[in-house]
Amino acid sequence: MTALACAGDDYRSRVVIVTGAAAGIGLATSQLLADRGAQLVLVDRSGEIEGLPDRLAGGVQRHLAVVMDVCDQTAIASLVHQVQARYGRIDVLVNNAGVALLEAAAEASSADWDRTMAINLKAPFQLAQAVLPLMRQQAYGRIVNLASQASVVALERHAAYCASKAALVALSRVLALEWARHGITVNAISPTVVETELGKQAWAGSAGAAMRARIPVGRFAQPAEIAQLVAYLASEHAAMITGDNILIDGGYTAA
Ligand SMILES: NC(=O)c1ccc[n+]([C@@H]2O[C@H](COP(=O)([O-])OP(=O)(O)OC[C@H]3O[C@@H](n4cnc5c(N)ncnc54)[C@H](O)[C@@H]3O)[C@@H](O)[C@H]2O)c1
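Owing to the predicted nature of the structure, the values given are computational and were not obtained by experimental measurement.

Asks: Would you mind showing me how to read helix H6 (residues 159–179) here?
Replies: One full turn of an α-helix is made of 3.6 residues, so residues set three or four places apart face in the same direction. If you check H6, its first and last C-alpha atoms are 30 Å apart, about what 21 residues at 1.5 Å a residue would give, namely 30 Å. Looking only at H6, the buried set comprises Ala 160, Tyr 161, Cys 162, Ser 164, Lys 165, Leu 168, Val 169, Leu 171, Ser 172, Leu 175, Ala 176 and Trp 179. Those residues of H6 hidden inside the fold are in contact with helix H5 (110–138), strand E5 (141–146), strand E6 (184–191) and strand E7 (245–248).

Dropping the structure here:
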């Protein structure tokens, strides 16, 4: 077996890009990986991201915040350039930024469809393409894409969202197939409702109560529970897992 730069889930020599890091699952993931020693590149369109490096274990000495829209291809190129200049490597890309613009299919607007696909599907693809040269050069990489249970089941008012997440899973499989030979794994994670701003907005009121009642464990997920799986898939331990879509749904899709 090849000697690796660090053992198991020790992230001290690892450089991790997390998109949508200012809130919810992205924030929980960043906190967990910082606690485990990773150097984080925290990406978000919200200016709130600028204060985050200081609040994470390791502080501004180790982490970098970048305010950008993940749909901006020029910003993606400059992000990778900046990360390469500062750290010299990119080990993990967590494509977490996403939106849920919910409308009944009959009324859904073309603009919301395009925005959903741009953020949830095209941006993860373009970010993956952008980090590929460095990961290939290192012969090591981990790409984790935040999909959703909506990738495998139908949810009312989620036409664009379900389509974007199912396509993200399909994309993950193709990248896994093509890039395994470079030591790069690509996986998707599909949570049920997670108690974040996005989750609370999408599942407020009676729709949320009905959804919770259909989850066998009887509750929604917490961001920290999703972060644990991201950390595992991002670790060296997960070298044999690629092209997968792992559900964290409290049994919702088992029923
Ligand atoms: N919360 C849930 O119930 C749930 C369930 C399944 C999957 N997911 C997925 O998990 C991911 C994270 O969701 P969350 O609940 O933490 O969301 P959230 O809304 O709490 O946080 C998302 C973060 O992404 C950032 N962001 C959004 N669009 C961006 C863009 N274009 N460029 C840069 N940053 C952008 C936001 O500013 C925000 O900080 C999403 O892909 C979502 O689809 C969430």
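Asks: Any chance you could explain the pattern of salt bridges here in plain terms?
Replies: Pairing is possible between side chains that carry opposite charge, provided their charged atoms lie close to one another. Per the counting criterion, the structure on display carries five salt bridges. Of the charged contacts, one joins Arg 14 and Asp 91 as a salt bridge, the two residues approaching to 3.1 Å between their closest N and O atoms. Of this pair, Arg 14 sits in the segment before strand E1 (15–19) while Asp 91 sits in the loop between helix H4 (73–87) and strand E4 (92–95), and the two are 77 residues apart along the sequence. For Asp 91, the salt bridge is made with Arg 89, and the minimal N-O distance between the two is 2.6 Å. Connected via shared salt-bridge partners are Arg 14, Arg 89, Asp 91 and Glu 236.

Asks: Any chance you could explain the sheet that holds strand E3 (residues 64–67) here in plain terms?
Replies: Strand pairing within a sheet occurs via backbone hydrogen bonds; the two strands may be parallel or antiparallel. Read from one edge to the other, the open sheet built from seven strands follows the order E3-E2-E1-E4-E5-E6-E7, with strand pairing classed as parallel. Each end of this open sheet is capped by a strand with a single partner; those strands are E3 and E7. Direction aside, neighbouring strands of the sheet carry axes that sit 15 degrees apart on average. Sheet analysis places E5 next to E6, joined by six bridges and oriented parallel. The residue of E6 that forms the bridge with Leu 146 is Ile 189. Sheet strands touched by H4: E1, strand E2 (39–44) and E3. Its angle to E2, the strand with the most contacts, is close to 160 degrees. Of the strands in this sheet, E4, E5, E6 and E7 are in contact with helix H9 (residues 223–233), which crosses E6 at around 165 degrees.

Asks: For this particular structure, what's the right way to read the site of the ligand?
Replies: In the vicinity of the ligand there are 27 residues, among which Asp 44, Asn 96, Tyr 161, Val 194 and Thr 196 approach most closely. Here Tyr 161 contributes a side-chain N or O atom positioned 2.6 Å from an oxygen atom of the ligand. Measuring from an oxygen atom of the ligand, one finds a side-chain N or O atom of Thr 196 at 2.4 Å. Contact with the protein chains removes 93% of the 840 Å² of surface that the ligand exposes when unbound. Elements with a contribution of two residues or more to the shell around the ligand: helix H1 (24–35), H6 and helix H7 (197–202). Element by element, the count of residues in the shell around the ligand is highest for H7, at three residues. Broken down by class, the residue content of the shell around the ligand amounts to 14 nonpolar, eight polar and five charged.

Asks: What is the right way to look at the nonpolar core in this model?
Replies: Within soluble globular proteins, side chains that are nonpolar tend to cluster in buried spots. In this structure, Ile 17, Val 41, Leu 79 and Ile 143 are the most contacted members of the largest nonpolar core, which totals 37 residues. Among the elements that take part in this core, H5 stands out by supplying eight residues, more than any other. Apart from the residues lying within four places of it in its own chain, the contact partners of Ile 143 are Leu 93, Asn 95, Ala 128, Val 131, Met 135, Trp 179, Ile 184, Thr 185, Val 186 and Asn 187. Judged by nonpolar contacts, the second largest core, of 32 residues, contains Ile 49, Val 92, Leu 233 and Ala 234.

Asks: What exactly am I supposed to notice about unusual backbone geometry here?
Replies: When glycine is set aside, most residues are seen to have a negative phi, and most peptide bonds are trans. For Ala 139, which is not glycine, the phi torsion reads 55 degrees and is therefore positive. Positionally, Ala 139 belongs in the loop between H5 and E5. With phi around 65 degrees, Arg 157 is a residue other than glycine that occupies positive phi space. Take Arg 157: it is sitting in the loop between E5 and H6. By relative accessible area, Arg 157 is classed as partly exposed at 46%.

Rules and cut-offs
- Residues numbered from 1 in each chain as written.
- Predicted model: local features only at pLDDT ≥ 70, side-chain atom pairs only at ≥ 80, totals over all residues.
- Heavy atoms only, no water.
- Helix = DSSP H or I, 4+ residues; strand = E, 2+ residues; numbered from the N terminus.
- Expected span 1.5 Å × (residues − 1).
- Buried < 20%, exposed > 50% of the residue type's maximum accessible area, 1.4 Å probe, protein only.
- Contact = heavy atoms within 4.5 Å.
- Salt bridge = Lys/Arg side-chain N within 4 Å of Asp/Glu carboxyl O.
- Pairing = 2+ DSSP bridges.
- Axes fitted to C-alpha atoms, helices over the stretch in contact; angles between N-to-C directions.
- Near = heavy atom within 4 Å.
- Polar contact = N/O pair within 3.5 Å; in protein donor to acceptor, adjacent residues only side chain to side chain.
- Areas by Shrake-Rupley, 256 points an atom, 1.4 Å probe, with all protein chains shown as cover.
- Nonpolar A, V, L, I, M, F, W, Y, C, P; charged D, E, K, R; others polar.
- Core = buried A, V, L, I, M, F, W, Y, C linked by side-chain atoms within 4.5 Å.

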